Amino acid sequence: MKRVIRKVAVLGSGIMGSRIACHFANIGVEVLLLDMVPKELSAEEQAKGLDLTNKNVRNRIVNSALESTLKANPSAVFTKKSANKINTGNFEDNMKDIASCDWVIEVVVERLDIKKLIYDQVEKFRTPGTLISSNTSGIPIHLMAEGRSDDFRDHFCGTHFFNPPRYLRLLEIIPGKETRSDVIDFLMHYGDKFLGKTTVLCKDTPAFIANRVGVYSIMALLHLVDKMDLTVEEVDKYTGPALGRPKSATFRTTDVVGLDTMINVASGLYNNLPDDKAHDLFGLPDYVKKMQENKWLGDKTKQGFYKKVKGADGKSEILALDLKTLEYKPQQKIKSSTLEATKLVENLRERMKVFANGTDKAGEFFRTSFFGLFEYVSDRIPEISDELYRIDDAMRAGFGWELGPFEVWDALGVKTTLDGMKKYSNPAIGQTGEAASWVHEMLAAGNESFYKIENGIKKYYDIPSKTYKTVPGSESFIILDNIRSTSTVWKNSGTTITDLGDGILNVEFHTKMNTIGGEVLQGLNKAIDLAEKDFRGLVVGNDGANFSAGANIGMIFMAAVEQDWDEINIAIRMFQNTMMRMRYSNIPVVAAPHNLTLGGGCELCLHADHVQANAETYMGLVEFGVGLIPGGGGSKEFALRLSDDFKEGQIEQAALRERFLTIGMAKVSTSGHEAAELGYLQKEKYSISMNRNRLIIDAKNKAIEMAELGYTQPVRRKDIRVLGKQGMGIVYVGANSMFAGNFISEHDKKISEKLGYVLCGGNLSQPGLVSEQYLLDLEREVFLSLCGEKKTLERIQSILTKGKPLRN
């Protein structure tokens, strides 16, 4: 059957339920969010004279939960409008309304008896053939399906979202014994394409895949603390970004998630896995038991492995727990020759080798923790998965690891690692030092790695067939790392131009945080040259952590200190000219931004023919923060769009104010959708890719579409309406008012006036029409003048010396 999801019911509005509801609303699906009816009135309700029959009282629990979620930071919704898709109700009055829903998701408390009571009600009202799933994190699917109707069991599945659902990309799909194959296939595809998830098919085993392996890894570290005399600070330093893990690392993450949550999962594994040879590892160390008794559970109880306090001077300080004395102490700086060596290695796979060969405590820690993990994951096949790639997918998407355990093992060398596994095993927690037999069989057959790349396609070692097979779904993605070695057309120190096939090129950046300097501008111009000559379209995108954090502000600072105004003028002119080439080439240019897209990165998107943005795109012109205005065409482009947006009868000054404040307040979108609301993305000139993995191929397909529709080179604009002194007067009055009220500094007032000068087209006596080049010249003139300001240089220097991202 052709299945379409128009309306979803979410049963349970707690932390997960309300956030899952928000994520469906994010993609435009209508949501019915239900929860219990209160058993008694609150004090406020009593004061108002309400009773238990009042609708607001009956929906108090669900409405309060949703309201709390919508106030949370980071936001659960792409824009405030998304929440309009959610309707609330309660189990007693509104369960009947699930009859109109295409998918019912149960997200109530993790108790089988309560879930079964909910399913009794679902059976009464659910329309046969519609999907029914549970967000359980560990209750066996087969137990929940017991006693249900045939149609219920046919369409029932576990759908385990990770918290927060908008940001964590893992969605585990856990079928029951009788779940129809077409239901499984649909959920795998829908989760990937529409919800933006890495969908991982799991077996119905305790904690499924991600929590089984992730909690094993955490518990192994907790037990390793005593053995290696580790501190909280050391563990978090060793298991953070240097290792390709989130900045919150191990103990900070546990504080955020809640120590009690981790304990519950570990206890469940301890109780339900009596035959797991690592069974004892899931038992709690004494210091964790003591923390549990003290209710030191993390952020929810204001203290856990870390505690925030105020010193005598009133300043906040974050203390770390001494795991021996269980006293909080000031954090200690961690020094490690191995960590210092890893800073010189950009490639994560190569960095893993530096860790593995480290001769200090960090190296010893790496070998002890990872070698045990390798043994554990090899033993989990085929128990939790028949395919090894699913374990890596789950750990990357659910725990934020850049490399899954089998990928790390590959990086170190499967064969060379086996001897180390024996040396660093710990029998006390079930480690024998031996990899599973299938690993030895793989090596004996001459297969030396778990993965390999063939013709740009990633393949994994399939254990039953003893052959390499394509990772399912990977043919739907373009992973630049996989094709760079065979499809590179041109490169320099900052960029690589790759042939994506079908007449489309891609240019990617390789600078720190993908900042834009001379080498990147050279690469962009070269890409346009090549595309105009032999190809039919260009994509600007990358697989890095961020699209671009902006222009190389360090270069501008050095030139300004030397008062080399000619060099700055040439650099800014080159940036502007490159952006104009993006706009006015004879081939379609599609930008594919994701995550940070700031300053110059945003300006690049402003000049692309189309923007294929990831849903998680944080875009903004942030130059004001360093005492400058957008100088790469951003100010010009906002003046142009202000002109195009003007409608007969509209008050131009109001539109000017809105555009001015977007730049003047350095507004950054919290999503791709909000980037459109802020005016960075234009209607009909942008699309959203929910799944980050699909971004490059979606952008490529858009470039092909534009080329095949007969792309025509645009004509440079000479019809931009600006307000001149009429508009500048409004800007000046506003800036002076803000300065008089002590809301902005004198320097901010000056920048505001100069930005207004550009947006209004300079000192024109009356509104008129100007060209793009006229505005670009004004923009560059103002940018250069601000580079000479002492306050601007002080702001830039402050950012550079504090090690913040080099961006404008």
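Residues numbered from 1 in each chain as written. Predicted model: local features only at pLDDT ≥ 70, side-chain atom pairs only at ≥ 80, totals over all residues. Heavy atoms only, no water.

Close reading of the predicted structure is inappropriate where its pLDDT is low. For the chain, per-residue confidence averages 93 on the pLDDT scale, and 98% of positions sit at 70 or higher. Segment residues 803–808 is flagged for pLDDT under 50; beyond a separation of four residues in sequence, or across chains, it makes 23 contacts in the model. (pLDDT = per-residue confidence, 0-100. Contact = heavy atoms within 4.5 Å.)

The next point concerns the sheet that holds strand 11 (residues 327–330). The strand order 9-10-11 describes an open sheet built from three strands, whose pairing is antiparallel. The open sheet is flanked by strand 9 (306–310) and strand 11, the only strands paired with a single partner. Across the sheet, the mean angle from the axis of one strand to that of its neighbour is 45°, orientation sign disregarded. As defined by bridge partners, strand 9 adjoins strand 10 (residues 316–322) across five bridges and the pair is classed as antiparallel. For Tyr-306, the partnering residue across the bridge sits in strand 10 and is Ala-320. (Pairing = 2+ DSSP bridges. Helix = DSSP H or I, 4+ residues; strand = E, 2+ residues; numbered from the N terminus. Axes fitted to C-alpha atoms, helices over the stretch in contact; angles between N-to-C directions.)

Let us look at the nonpolar core. Grouped together as the largest cluster of nonpolar side chains are 117 residues, with contacts concentrated most on Leu-11, Phe-305, Phe-406, Trp-409, Trp-438 and Phe-450. When residues of this core are assigned to their parent elements, the largest contribution, twelve residues, is made by helix 10 (residues 210–228). Those residues in contact with Phe-406 that lie beyond four places of it in its chain are Val-377, Ser-378, Ile-381, Leu-388, Ile-391, Asp-392, Trp-438, Phe-450 and Tyr-451. Counting residues in each nonpolar core, the second largest holds 77 residues, with Ala-551, Ala-559, Phe-624 and Tyr-757 among its members. (Core = buried A, V, L, I, M, F, W, Y, C linked by side-chain atoms within 4.5 Å. Buried < 20%, exposed > 50% of the residue type's maximum accessible area, 1.4 Å probe, protein only.)

Below, the discussion takes up the sheet that holds strand 7 (residues 170–175). With mixed pairing, eight strands are arranged side by side in an open sheet as 3-2-1-4-5-6-7-8. One side of each edge strand has no neighbouring strand; the edge strands of this open sheet are strand 3 (86–90) and strand 8 (198–201). Within the sheet, the average angular offset between the axes of one strand and its neighbour, ignoring direction, is 25°. Bridge count for strand 1 (residues 7–11) against strand 4 (residues 103–106) is four bridges, and the pairing is parallel. Its bridge partner being in strand 4, Val-10 is matched across the sheet by Ile-105. Set on the sheet, helix 6 (residues 112–125) makes contact with strand 1, strand 4, strand 5 (131–134) and strand 6 (156–161); between it and strand 4 the angle comes to about 160°.

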